[in-house]
Structures are given as C-alpha cells and as structure tokens.
Amino acid sequence: KTEVFLKQLIEDILFNGKYPQLKILGICFGMEIVISALKGKIANLGKGKAQRFPEKIKLNNDFWNLQFVKNSKVPQNELLTMCEAHGDYIDSFPDNYGLNIYGTSNSCKCEIMVDNKEKIFLIQGHPEYYPPFLVVRAADWYLSFLQREPTDENIKNYIVEFCEEEHNKNVNSKEWRQMCFTFMKKEC
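Cut-offs and rules
- Residues numbered from 1 in each chain as written.
- Predicted model: local features only at pLDDT ≥ 70, side-chain atom pairs only at ≥ 80, totals over all residues.
- Heavy atoms only, no water.
- Salt bridge = Lys/Arg side-chain N within 4 Å of Asp/Glu carboxyl O.
- Helix = DSSP H or I, 4+ residues; strand = E, 2+ residues; numbered from the N terminus.
- Buried < 20%, exposed > 50% of the residue type's maximum accessible area, 1.4 Å probe, protein only.
- Pairing = 2+ DSSP bridges.
- Axes fitted to C-alpha atoms, helices over the stretch in contact; angles between N-to-C directions.
- Contact = heavy atoms within 4.5 Å.

Draft legend 1. Broad picture of the pattern of salt bridges. Applying the stated criterion across every chain yields a total of two salt bridges. The partner of Lys7 in a salt bridge is Glu11, and the shortest N-O contact between them spans 2.8 Å. In this pair, Lys7 and Glu11 are both assigned in helix α1 (residues 2-14), four residues apart and thus about one turn of the helix distant. Salt-bridge contacts for Lys58 lead to Glu78; the nearest nitrogen and oxygen are separated by 2.6 Å. Residue Lys58 is found in strand β3 (residues 55-59), and its partner Glu78 is found in the loop between α3 (67-72) and β4 (79-82); the two are separated by 20 residues along the sequence.

Draft legend 2. Structural detail: helix α2 (residues 29-37). Residues of α2 that are buried include every one of Met31, Glu32, Ile33, Val34, Ile35 and Ala37, and no others. Immediately downstream of α2, the backbone of Lys39 shows phi near 75°, a positive value.

Draft legend 3. Examining the sheet that holds strand β7 (residues 112-115) more closely. An order of β1-β8-β7-β6-β3-β4 is seen for the six strands of this open sheet, with the pairing classed as mixed. Among the strands making up the open sheet, the edge pair consists of β1 (24-27) and β4. Strand-to-strand, the axes of this sheet are offset by a mean angle of 25°, without reference to chain direction. As paired elements, β1 and strand β8 (residues 120-123) share four bridges and run parallel to each other. Bridging from a neighbouring strand, Ile27 pairs with Ile123 of β8. Each of β1, β6 (99-104), β7 and β8 is contacted by α2, which is oriented at about 115° to β1, the strand it contacts most. Where helix α6 (residues 173-184) meets the sheet, its contacts fall on β1, β3, β4, β7 and β8, and the angle it forms with β8 comes to roughly 160°.

Draft legend 4. Region of interest: unusual backbone geometry. Its identity is not glycine, yet Tyr19 carries a phi of approximately 55°, on the positive side. Along the polypeptide, Tyr19 turns up in the loop between α1 and β1. Tyr19 gets classed as partly exposed once you look at its relative accessible area, which sits at 37%. Here Cys28, not a glycine, exhibits a phi torsion of approximately 55°, which is positive. Secondary-structure assignment places Cys28 in the loop between β1 and α2. Given a relative accessible area of 11%, Cys28 falls into the buried group.

Purely geometric stuff here, so don't read any function into it on its own.
If you want it as structure tokens, here you go:
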C-alpha cells in the first residue's frame, strides 16, 4: 500500500501539477522504497555483506549545477564522504520519471539520484548521521558481542576511539545536511 501511495504521489507531483509545494527526500530505505514503488529493482550486496563505514561518493559535474546544490553553497568537490549503513542497493530504476544518477561509490552505482524538476532527491547513504553519536551507541553493542562485561572500560574506550577515528575520516556530514536542508526549503 505504501508503494502504491508513493507512486501516485510522485506522479501527481511530477506529471499532474498537484502539490507544487511538495518535495521528496529519500534517505537509505526512503530511496529504496521510492525506486521500488516506481518499479525499479533493489538488490542485496550479498550474504553477510553490508556497508557500515564512511564511503567516498563520486559526484559528477552536473550535480553541482542543480539549483538546490548551488544554493546550498557547499564548495564543489569531486568526492564527498558520507556515512553508510546498508546491505541493499539500487540495481535498476525506471527511466520515465526523469531520475538521474549524480553520485556513485565502490559499493553502490546509484548513491545519489535527482529528478529533472528537482522535486525528488534520493540518497543511499545517511547524511543525518553524526559519527561520534553512532560510535558511543555502538560501543556497548560491541562489548556484548565480545561477551565482555560492560564495565570493562579499557575495551570500551578502545572501541570508541577506533570507531570514532574511522567514522570521522573526512566525513562531510555538514555538507550533506546543508544540501538536504536547502533542497527542502520552500523557495528552492
């Protein structure tokens, strides 16, 4: 039912002139359900495979010409790093909705998609993630996974420091959030 609703909503926004004020920002599963609703295909990275750490997103030059991206005032760069947490990817997508791929990575050929009217912005990664927050939340899980007592501060500190260092390697969280915010603004 959700996919039927999304498909009709997207068609109303893009083709039927309804809801001119609405935009769709799809992040991770949000991207996947939009693509699935439009009869694209979602595939799994493979048994036991998942992307969990920052991924370098290669952006094509046309991405920087999108109006909301220009308005975001994010400095142009060929690569921006984003936190990832997924086991699926976009395998194929319909071409009759004007969706274009603007970013790719080693784990996903469709990291960033935007429609021709700039009403739909789809992101496979997680611009909303703030890495240190994730690390602190994950530390206790790692401890229980290792079957250690949660009071073992040495192990907890090691995990926090290691994960925080990995997550903070050039993650462009502020830039991605600024683009999302600018996209959702009414006047863009």
